[in-house]
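Observations on the model geometry
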Amino acid sequence: QVPAFVQDRFMTVLAANPLAVALSPRNKAGTNVLREAFLDPAERELYEDWEQVMAEATAGLRASVGERVNDPALEALVSDLSKRSAYFLQLWARHDVRPKVAGKRLLHHPLVGDMELFHEKLAVTGTDEHLLVIHHAEPGSRSELALQRLAATLPQAD
């Protein structure tokens, strides 16, 4: 089992599996992962390289909205984050545009410790630019064992 969720072009989670939510509560449906990552102090503690993750996420938001810069949903998100996070405002002003499709992150999970996880972002065809985000660990690694320990904390389905 791997953590996985679907997000829209504004980085709002539309659906998530339980392991994705256990990895980070911001991965639950209805949550804007960008907003939570900038504003929730627990998210800052989760990432080893939080500033780089936020720079990439902000550039990824610009890439995902493309020419729809006047979309009211985008304007509301950018306005909210700009008022509440000086770092977001700084990053948004740089106008970096970089789609982020894959990478590797070192996470400090409060329950299972450090994990090095890879992530993939896959386009969901037939949608309005939705992405499937999947996290996975190197097979046989300590990170894979940590993910297994995290999965073992989840309630078992009948």
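Everything below is about the structure shown above.
Below is a short write-up of the structure. (Residues numbered from 1 in each chain as written. Predicted model: local features only at pLDDT ≥ 70, side-chain atom pairs only at ≥ 80, totals over all residues. Heavy atoms only, no water.)

Looking at the side chain of Q7
Within the secondary structure layout, Q7 lies in strand β1 (residues 4-7). In this structure Q7 touches T12, V13, L14, V33, K121, E129, H130, L131 and V133, once residues within four positions along its chain are discounted. (Helix = DSSP H or I, 4+ residues; strand = E, 2+ residues; numbered from the N terminus. Contact = heavy atoms within 4.5 Å.)

Comments concerning the pairing of strand β5 (residues 131-136)
Remark: a regular strand shows side chains that alternate across the two faces of the sheet. Two elements, β1 and β5, share four bridges in a ladder whose sense is antiparallel. Residue A4 lies in a different strand from β5, and its bridge partner there is I134. Sheet topology places strand β4 (residues 113-123) next to β5; six bridges connect them, and they run antiparallel. Among the inter-strand pairings, A123 is bridged to a residue of β5, identified as L131. (Pairing = 2+ DSSP bridges.)

Re the layout of surface pockets
If you add up the space inside the largest pocket, you get close to 270 Å³. In terms of lining residues, the largest pocket is bounded by 17 residues, among which G60, S64, P99, K100 and L131 are the most central. Elements represented by at least two residues in the lining of the largest pocket include exactly α4 (50-65) and β4. Sort the elements by how many residues they give to the lining of the largest pocket and α4 lands first, with three residues. A class-by-class count of the residues in the lining of the largest pocket yields seven nonpolar, five polar and five charged. (1 Å grid on protein atoms, 1.4 Å probe; cavity = no way out; pocket = protein on both sides within 12 Å on 5 of 7 lines; lining within 4 Å. Points joined across faces, edges and corners; volume = space filled by probe spheres on them. Nonpolar A, V, L, I, M, F, W, Y, C, P; charged D, E, K, R; others polar.)

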